[in-house]
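# Results of the structural survey
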Amino acid sequence: MTQATTSPLALVGARVVPVDGDQIEDGVVLLRDGRIEAVGARADVTVPDDATVVDCAGGWLLPGLIDAHVHLGVWEEGEGWAGQDTNEMTDPVMAAARAIDAINPREQGFDDALMGGITTVNVNPGSGNPIGGQAVALKTYGRYVDEMVLRNPSGVKAALGENPKRVYGDQKKTPSTRLGVALVLRRAFAAARSYQARVTAADGAPVDTDLTSEILVKVLEREIPWRQHCHRADDIATALRLADEFGYQLVLDHGTESYLLADLLAEKQVPVLYGPLIVSRSKVEVRDRSLRAPGILDRAGVPVSIITDHPVVPVEYLITQVALAVREGMDRDAGLRAVTINPARVLGVDDRVGSLTPGKDADVVLWSGDPLDLQSRVLRTYVNGDQVYRWDEEQGRGEVTPR
């Protein structure tokens, strides 16, 4: 992605919400060379004479939002089967498959993300397999996917519960039950341990390549997290059991009933990516989904993020879910952390994004007002210091800068 020129850009006069510090009235955010150079009150930040100044009076400036669980670009809306590349459901263990190889960055959803102030997403394979493949964290603006990448892989997606047992049960193959799904995971990690031992014993000599075991060894060595799709509390208990058994870094995706085990998750400091929140009770696993859950998890001390699972919930409604969670008892600052710094940490990219901190990427969003007020809208979105989206008041619509 082309970065901003050396001429600095000063966003002045807004209420600044850094996320990692106190809010600043009449603030300044100074951007240069694609990075945040300074953040502070107007009286404390010197705006260079050669800066381009944008008057943001009356607005709110926040870091770009982060959705840590989407299927953007691999589950293309309005494309039917031609745009459906979410699940490679020909083998239960697809750890070697990579989401990056199927992402279409020209999908409409990426523009929708920018309209919703979302500048970073984590694109996952689906949950049809016990092990679905490798996720990738990337920016939501760019000409081709490789220039958008923040971290690849950002985790390995796996699934417990109804989805994989239904898919392979229909094929009369293992797994067709919850115990079968857990067995598939154990077999895969056992094979990876054996591969790891063979590589170690070979001491540099050639070993037949096993792409599946190679990526699972990285999970075992905690180089990348294990992204466990699960909804029900019994499946969450299985996820914790497997993580204890194999010692990997566990992240819970969805975690619909995680609030029932909030104390245990807090004790183990297992992050929960909760959501989607505004969906019908379309299957038994989400029967007990609750808008109160993110607040319960946060108050218990669980690192919680909020996700859309786009296109299950359209990605631009990420902040809407936060507003509803806050309405149902979540602390508002915690709600904003749940779509900024918390998911940045889960994805391992918090050195680059997630807060308005000098030195981080210049991913900044100007809102017309409080982003938790559903009447507010995104006025400008900056990625790496470049304006990539602007609301045109005269036209009554938003415009994304051509890629």
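Calculation rules
Residues numbered from 1 in each chain as written. Predicted model: local features only at pLDDT ≥ 70, side-chain atom pairs only at ≥ 80, totals over all residues. Heavy atoms only, no water. Helix = DSSP H or I, 4+ residues; strand = E, 2+ residues; numbered from the N terminus. Rg over C-alpha atoms; globule rule 2.2 N^0.38 Å. Buried < 20%, exposed > 50% of the residue type's maximum accessible area, 1.4 Å probe, protein only. Contact = heavy atoms within 4.5 Å. Lys, Arg positive; Asp, Glu negative; His and termini not counted. Charge placed at Lys NZ, Arg CZ, Asp CG, Glu CD. 1 Å grid on protein atoms, 1.4 Å probe; cavity = no way out; pocket = protein on both sides within 12 Å on 5 of 7 lines; lining within 4 Å. Points joined across faces, edges and corners; volume = space filled by probe spheres on them. Nonpolar A, V, L, I, M, F, W, Y, C, P; charged D, E, K, R; others polar. Domains from an automatic or database assignment. UniProt positions renumbered as here; feature names shortened; annotations may be inferred. Salt bridge = Lys/Arg side-chain N within 4 Å of Asp/Glu carboxyl O. Axes fitted to C-alpha atoms, helices over the stretch in contact; angles between N-to-C directions. Parallel < 35°, antiparallel > 145°, perpendicular 65-115°, else oblique. Pairing = 2+ DSSP bridges. Right-handed = clockwise from strand over helix to strand, strands pointing away. Buried area = accessible area lost by both parts, 1.4 Å probe. Polar contact = N/O pair within 3.5 Å; in protein donor to acceptor, adjacent residues only side chain to side chain.

### Overview of the overall build of the protein chain
Of regular secondary structure, the protein chain possesses 10 helices and 17 strands. For 403 residues, the compact-globule estimate of 2.2 N^0.38 gives 22 Å, and the protein chain sits close to it at 21 Å. Dimensions of the protein chain along its principal axes, counting C-alpha atoms only, are 65 × 50 × 40 Å. Counting all 403 residues of the protein chain, 57% fall into the buried class. Pairs at least 24 residues apart make up 66% of the contacts formed inside the protein chain by residues separated by at least 6 positions. Computing the positive centroid from 42 side-chain charges and the negative centroid from 58, the protein chain places the two 6 Å apart.

### Some details on the layout of surface pockets
Estimated volume of the largest pocket: approximately 810 Å³. Lining the largest pocket are 39 residues, and of these Trp-75, Thr-86, Asn-87, Gly-126 and Ser-127 lie nearest its centre. Of the voids in this model, the second largest pocket is the one considered here, and its volume is about 320 Å³. Taken together, 16 residues make up the lining of the second largest pocket; nearest its centre are Met-115, Glu-316, Ser-376, Arg-377 and Val-378. For the lining of the second largest pocket, the secondary structure elements donating two or more residues are α8 (318-327) and β16 (386-392). Residues that form the lining of the second largest pocket fall into these classes: 9 nonpolar, 4 polar and 3 charged. Here the lining of the second largest pocket gathers at least three residues from each of two domains, domain 1 (9-62 + 359-400) and domain 2 (65-347).

### A few points about the UniProt feature "domain: Amidohydrolase-related" (unreviewed entry) in the protein chain
In the numbering used here, UniProt assigns the "domain: Amidohydrolase-related" (unreviewed entry) feature to residues 61-386. Secondary structure content for residues 61-386 is 32% helix and 19% strand, and the end C-alpha separation is 15 Å.

### Quick word on the pattern of salt bridges
The tally for this structure, following the rule as stated, stands at 20 salt bridges. Here Arg-332 and Asp-370 are joined by a salt bridge, their closest N and O atoms 3.1 Å apart. Taken together, the positions of Arg-332 in helix α9 (residues 332-337) and Asp-370 in the loop between β14 (364-367) and β15 (378-383) put the pair 38 residues apart, joining distant regions of the chain. On the basis of relative accessible area, Arg-332 is assigned to the partly exposed category, the value being 28%.

### Some points on the packing of helix α3 (residues 178-202) against helix α4 (residues 211-220)
At a closest axis distance of 9 Å, the pairing of α3 and α4 adopts a crossing angle of 90 degrees. As far as their axial angle goes, α4 and α3 are roughly perpendicular. Seen from α3, the contacting residues are Ala-188, Phe-189, Ala-191, Ala-192, Arg-193, Tyr-195 and Gln-196; seen from α4, they are Ser-213, Glu-214, Leu-216, Val-217, Val-219 and Leu-220. Per-class residue counts for the contact of α3 with α4 are 9 nonpolar, 2 polar and 2 charged.

### A short note on α8
A large share of α8 lies buried, amounting to 8 of its 10 residues. At its buried positions, α8 is contacted by β6 (65-70), β7 (118-123), α7 (293-300), β13 (304-306), α9 and β14. Of the residues trailing α8, Gly-329 is marked for its positive phi of about 115 degrees.

### Some details on the pairing of strand β2 (residues 24-32)
Both strand β1 (residues 9-16) and β2 contribute to a ladder of 6 bridges, which runs antiparallel. Note on β2: the bridge partner recorded for Val-12 is Val-28. Pairing between β2 and strand β3 (residues 35-41): 6 bridges, direction antiparallel. Paired with Gly-27 across the strands is Ala-41, a residue of β3. The antiparallel hairpin formed by β2 and β3 contains 2 residues in its connecting segment, where Asp-33 sits at a positive phi of about 55 degrees.

### Considering empty space enclosed by the protein
Taken as a whole and judged by the stated rule, the model has 1 cavity of 30 Å³ or more. Counted as a void, the largest cavity has a volume near 30 Å³. If you go around the largest cavity, the residues you meet are Pro-63, Gly-64, Thr-119, Val-353, Gly-354, Ser-355, Asp-361 and Asp-363. The residue inventory of the lining of the largest cavity, partitioned by class, reads 2 nonpolar, 4 polar and 2 charged.

### Let's talk about the pairing of β6
Most of β6 sits out of view: 6 of its 6 residues are buried. One crossover worth recording links β6 to the parallel β7 by way of helix α1 (residues 108-115), and it is right-handed.

### Topic: the domain arrangement of the protein chain
You can read the domains of the protein chain as domain 1 (9-62 + 359-400) and domain 2 (65-347). A separation of 31 Å is found between the C-alpha centroids of domain 1 and domain 2. Across the interface of domain 1 and domain 2, roughly 1700 Å² is buried in total on both sides, 73% from carbon and sulfur atoms. Of all residues in domain 1, Val-19, Leu-372 and Val-400 give up the largest surface area on contact with domain 2, accounting jointly for 32% of the area buried on that side. At the boundary of domain 1 and domain 2, one finds 3 salt bridges. We note a salt bridge from Asp-361 to Lys-139, for which the minimum N-O separation is 2.9 Å. Put simply, domain 1 and domain 2 have 5 residue pairs in polar contact (both at pLDDT 80 or more) between them.

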